[in-house]
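These are the residues of each chain, in order.
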Amino acid sequence: MKQGAQGSAGTGIPQVPEAGVARVPPQGRAAGVDVGVGVGGAGVDRVRGAGASVSAARGEHTHSEQPIPRPVVQRASVRGQILDALRTALVVGELTPGAVYSAPALGERFGVSATPVREAMQQLALEGAVEVVPNRGFRVVERGARELAELAEVRALIEVPVMLRLARTVPAERWAELRPLAEATVRAASTGCRATYAETDRTFHRAVLSLCGNEQLVQIADDLHRRAQWPLVSAVLPSGRGAADLVADAAEHVALLDALIAGELDVVRVLVGEHSGG
């Protein structure tokens, strides 16, 4: 996704280009080509030679006909890109808690229409990040320390028992395979970029919890984790302190893997409890 400078001055929200769809050549339409477009990062195409099917049904010979070229149809998921950009803006504080943002205004900043922005904001409303303000737009939810503590408590209730069960059943070599993900969080933390660290952090936790084989649990835990990454209303910390917190958090990932590989259950219990509640 291209970084753009369009929009209000001072905003760090990137610009997202409108998606484009390759046109089907006239000869393709004349031959009865039906094109279907799926939404995805790379785009999905579905082409059906309707003309050939009709000819076959009529008993006509089609073996001498030239094959119809398969057109390449691509359509970027603008809504998905907008949603990712808005989530990043939430993590780094570019969307101010308590402020109201309209879909048309955000669309101008992104360089897209209001529709994909509105759809993305509605998804954030379902996640609890924003709330709908009738006839105005979406207000960023103001979060306090109590909400963060409640999220940490629920995360611990889910993750601690699962991790202890996995610690008793997953072999050491399987844990060792996750070390590159833990090291990726350390590198991301060293940059001081909260958005980059947030993504690698969740990726590591998803990989660990996925070993339990319960996809519903993984999705719920990931949603709680994402919500816990949004900044507090009063969290105005110097950049040095914030970077140090990220580095310390990432170091716990490596320590946890070391304990899991060594089979040290008591250490695992303490680390998971402190990490989830941190």
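All residue numbers refer to positions counted from 1 along the written sequence of the respective chain. Only residues with pLDDT of at least 70 get local features here, since the model is predicted, and only at 80 or more are side-chain atom pairs given and counted; chain-wide, interface and lining totals rely on the full set of residues. Side-chain metrics rest on all non-hydrogen atoms present in the structure, leaving aside hydrogens and water.

Observations concerning the overall build of the protein chain
Within the protein chain one finds twelve helices and five strands. Here the protein chain displays about 15,200 Å² of accessible surface, and carbon together with sulfur accounts for 53% of that area. By definition, any uninterrupted DSSP run of H or I lasting at least four residues is a helix, any uninterrupted run of E lasting at least two residues is a strand, and each is numbered from the N terminus. The protein chains shown are the only cover counted for residues, whose accessible areas, like all others here, come from Shrake-Rupley with a 1.4 Å probe.

Focus: the environment of Ala 244
Relative to the elements of secondary structure, Ala 244 occurs in helix H11 (residues 239-262). For Ala 244, a relative accessible area of 42% puts it in the partly exposed group. Exposure categories follow from relative accessible area, calculated using a 1.4 Å probe and restricted to protein chains: below 20% of the type maximum is buried, above 50% is exposed, and the middle band is partly exposed.

Quick notes on the environment of Ala 152
Among the secondary structure elements, Ala 152 is positioned in helix H6 (residues 145-169). Given the relative accessible area of 14%, Ala 152 is considered buried. Along the chain, Ala 152 and Gly 273 lie 121 residues apart, while their C-alpha atoms are 9.5 Å from each other.

Here's the deal with helix H3 (residues 78-92)
How far a helix is expected to stretch is found by multiplying one less than its residue total by 1.5 Å. An ideal rise of 1.5 Å per residue puts 21 Å on 15 residues; H3 measures up with 21 Å between its terminal C-alpha atoms. Within H3 the residues assigned to the buried category are Val 78, Gln 81, Ile 82, Leu 83, Ala 85, Leu 86, Arg 87, Ala 89, Leu 90 and Val 91. Where H3 is buried, its residues contact helix H4 (103-110), helix H5 (114-127), strand E5 (137-140), helix H9 (194-209) and helix H10 (215-228). Two residues or fewer after H3 comes Gly 93, characterised by a positive phi angle close to 85°. It only takes one pair of heavy atoms within 4.5 Å for two residues to be counted as in contact.

Topic: the packing of H4 against H5
Geometrically, a packed helix pair is captured by the angle between its two axes and the distance between the axes. Orientation of H4 relative to H5, taken along the N-to-C sense of each, is 115°, at an axis distance of 8 Å. When the axis of H4 is compared with that of H5, the two are roughly perpendicular. Crossing of H4 against H5: the hand is right-handed. Packed against H4, whose contacting residues are Ala 103, Pro 104, Leu 106, Gly 107 and Phe 110, the element H5 presents Ala 114, Val 117, Arg 118 and Met 121 at the interface. When the residues that make up the contact of H4 with H5 are grouped by side-chain class, the tally is seven nonpolar, one polar and one charged. Fitted lines through C-alpha atoms give the axes, limited to the stretch in contact for helices. The angle between two N-to-C directions lies from 0 to 180 degrees. Any angle between 65 and 115 degrees counts as roughly perpendicular, while under 35 counts as roughly parallel, over 145 as roughly antiparallel, and the rest as oblique. Left-handed describes a crossing whose near helix is turned anticlockwise from the far helix by less than a right angle; the clockwise case is right-handed. The nonpolar class holds Ala, Val, Leu, Ile, Met, Phe, Trp, Tyr, Cys and Pro. Asp, Glu, Lys and Arg form the charged class, and all remaining residues, Gly among them, are polar.

Overview of the confidence of the model for the protein chain
The predictor's confidence in any single residue is recorded as pLDDT, a number from 0 to 100. For the protein chain, mean pLDDT is 76; residues scoring 70 or higher make up 68% of the total. With pLDDT under 50 throughout, residues 1-11 is counted as low confidence; its partners more than four residues away or in other chains account for 20 contacts. Ignoring residues within four places in sequence, the model shows residues 235-241, a span with pLDDT below 50, making one contact including any to other chains.

Points about the pattern of salt bridges
For side chains of opposite charge, pairing can occur when their charged atoms come near one another. Think of a salt bridge as a Lys or Arg side-chain nitrogen and an Asp or Glu carboxyl oxygen that are within 4 Å of each other. Considering all chains together, one arrives at 13 salt bridges under this definition. One salt bridge connects Asp 266 with Arg 269, and the closest N-O pair in it is separated by 3.1 Å. One end of the pair, Asp 266, and the other, Arg 269, are both in helix H12 (residues 265-277), three residues apart, so they sit about a helical turn from each other. A relative accessible area of 37% means that Arg 269 is categorised as partly exposed. Taken together, the shared-partner salt bridges in this structure form one network comprising Glu 199, Arg 202, Arg 206, Asp 222 and Arg 226.

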